Amino acid sequence: MYVSIWCHSLNLSSRSLAIVLVVCVTLVYFSYSFNACLLASISRTLQQQSNLRNLLTLQQRNASSEAEANRVSNASRSSNGNSNSSTSAGPSSNSSSSSSSSTTAILNSTVSNGIASVDGAPKYQMLRQQGLRPSRHLPDTLIIGVKKSGTRALLEFIRLHPDVRAAGSEVHFFDRHYQRGLRWYRHHMPYTIEGQITMEKTPSYFVTKEVPQRVYHMNTATKLLIVVRDPVTRAISDYTQAASKKADMKRFEQLAFVNGSYSVVDTNWGPVKIGVYARYLEHWLLYFPLSQLLFISGERLIMDPAYEIGRVQDFLGLKRVVTEKHFYFNATKGFPCLFKSEARSTPHCLGKTKGRNHPHIDANAIERLREFYRPFNNKFYQLTGINFAWP
């Protein structure tokens, strides 16, 4: 009734009324569409801001973790510099050991959680799907020497074990690159998962004076593997390797003795000097107990690799997985070879440089060197509690 009165008062026809209604509905529709678009835009903006906040928070956490890692690393270096006198007096004391171990634990945890990225290789993607997170860690075990005694063979043999992961090349962190810091060193380690051992080999560590203390400050619980062989044979092997790279190198006898006479041994010549094992071992024993050192016979590693690798697995707390079934003896090279390895599934030897033929050395020169080394060898036997029975 009211509508009729209103329409009559405005003198509107039915057609005009229809037009007015269409216009009103159109306005309502456009108003609704506009408001809906506006609300959707506001919602997207809020979501983007939320994502941005989350990203910034994550970056801040990573930055904080990195800063904390650097702080701990710097603190560790600072404490190293301030504690030289105290460590020389007794670095194996309980308080020092506890402090170093806790610092190492904090550093490993912080660096691992805040900096490490996970390898994108398919095998690691599969591990992640199983809930495992591969990451890099500072080494638990070091093969510290001795050069030309079988360190490469030891590394390749023990790497057959699925719970051992090792750096492929000699990193030389503790003797050449120490100033780069533990973070740099850790970056050169392989990815591992929980339960695996991280290992690195650099033979020159054994004879470098500063290395024992540096390793001690990284981790007082580091396990050390030392391969030794008859120092006379080792010196000849060392010379043979150098001579293969230098065609005009003097004869062994000329370099091993002073003035061409066999009466005076040149102890400044590297191949001879390295063989005085007791001198270097005494320095290591200032920082590490014998229980953390395992001595491997280089001679027995060649003749019976399964036996020596069995000892290594026991020392590292590993199940004896690597056994005699992994080795065969190459009569031509006079060296043990592998049926398969971490990198290859077919039988192969370690390389052309292993089992290299030695040059002929004057028997009188060899006998004089044996006389020179004999007292040092006996001292080495006393320090290690092992008689290697070198001539």
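All of the points below concern the structure found in this document. Here the structure is a predicted model, which is why all the values come from computation and not from measurement.

Before going further, it helps to spend a moment on the overall build of the chain. Scanning the chain from terminus to terminus reveals 15 helices and nine strands. Taking contacts inside the chain between residues at least 6 apart in sequence as the whole, the part at least 24 apart equals 71%. Of the accessible surface of the chain, which amounts to about 21,600 Å², a share of 54% is contributed by carbon and sulfur atoms.

The buried fraction of strand β6 (residues 223-228) amounts to five of the six residues, a majority that puts the element mostly inside the structure. In the sheet, β6 pairs with strand β7 (residues 293-297) via five bridges, with the strands oriented parallel. In the sheet register, Leu225 faces β7, and the bridge partner there is Leu294.

A few words now on the sheet that holds strand β2 (residues 141-145). Strand order in the open sheet formed by five strands is β3-β5-β2-β6-β7, and the pairing between neighbours is parallel. In this open sheet, the two strands that pair with only one neighbour each are β3 (164-166) and β7. With direction set aside, neighbouring strand axes in the sheet form an average angle of 25°. Bridging between β2 and strand β5 (residues 197-201) involves three bridges; their strand directions are parallel. Opposite Thr141, over in β5, you have Met199 as the bridge partner.

Once that is clear, we can look at the packing of aromatic side chains. Inspection of every chain in the model, using the stated rule, returns 27 aromatic pairs. Between the aromatic rings of Phe380 and Phe388, the centroid separation amounts to 5.8 Å while the plane-to-plane angle is 25°, which identifies the pairing as stacked. Note on Phe380 and Trp390: the rings are 6.2 Å apart at their centroids and 15° apart in plane angle, and the pair reads as stacked. Of this pair, Phe380 sits in helix α15 (residues 363-384) while Trp390 sits in the segment after α15; the two residues are 10 residues apart in sequence, bridging distant segments of the chain. By relative accessible area, Phe380 is classed as buried at 0%. Residue classification places Trp390 among the buried residues on the basis of a relative accessible area of 10%. Aromatic rings pair up to connect Phe173, Phe174, Tyr178, Trp184, Tyr185 and Tyr205 into one cluster. Directly above the ring of Phe315 sits Lys223, whose terminal nitrogen or CZ lies 5.3 Å from the centroid. Its end group placed over the ring of Tyr307, Arg300 keeps NZ or CZ at 3.7 Å from the ring centre.

This part is about the state of the cysteines. According to the stated counting rule, one finds one disulfide in the structure shown. Shown here is the disulfide that connects Cys337 with Cys349, its sulfur atoms set 1.8 Å apart. Residues Cys337 and Cys349 are joined by a disulfide whose S-S torsion is about 90°; by sign, that bridge is right-handed. Here Cys349 lies in the loop between β9 (335-338) and α15 and Cys337 lies in strand β9, a separation of 12 residues in the sequence. The class for Cys337 is buried, based on a relative accessible area of 1%.

The rules behind each value
Residues numbered from 1 in each chain as written. Predicted model: local features only at pLDDT ≥ 70, side-chain atom pairs only at ≥ 80, totals over all residues. Heavy atoms only, no water. Helix = DSSP H or I, 4+ residues; strand = E, 2+ residues; numbered from the N terminus. Contact = heavy atoms within 4.5 Å. Areas by Shrake-Rupley, 256 points an atom, 1.4 Å probe, with all protein chains shown as cover. Buried < 20%, exposed > 50% of the residue type's maximum accessible area, 1.4 Å probe, protein only. Pairing = 2+ DSSP bridges. Axes fitted to C-alpha atoms, helices over the stretch in contact; angles between N-to-C directions. Phe/Tyr/Trp six-rings, centres within 6.5 Å; stacked < 30°, edge-to-face > 60°. Lys NZ or Arg CZ within 6 Å of the ring centre and 35° of its normal. Disulfide = S-S within 2.5 Å.

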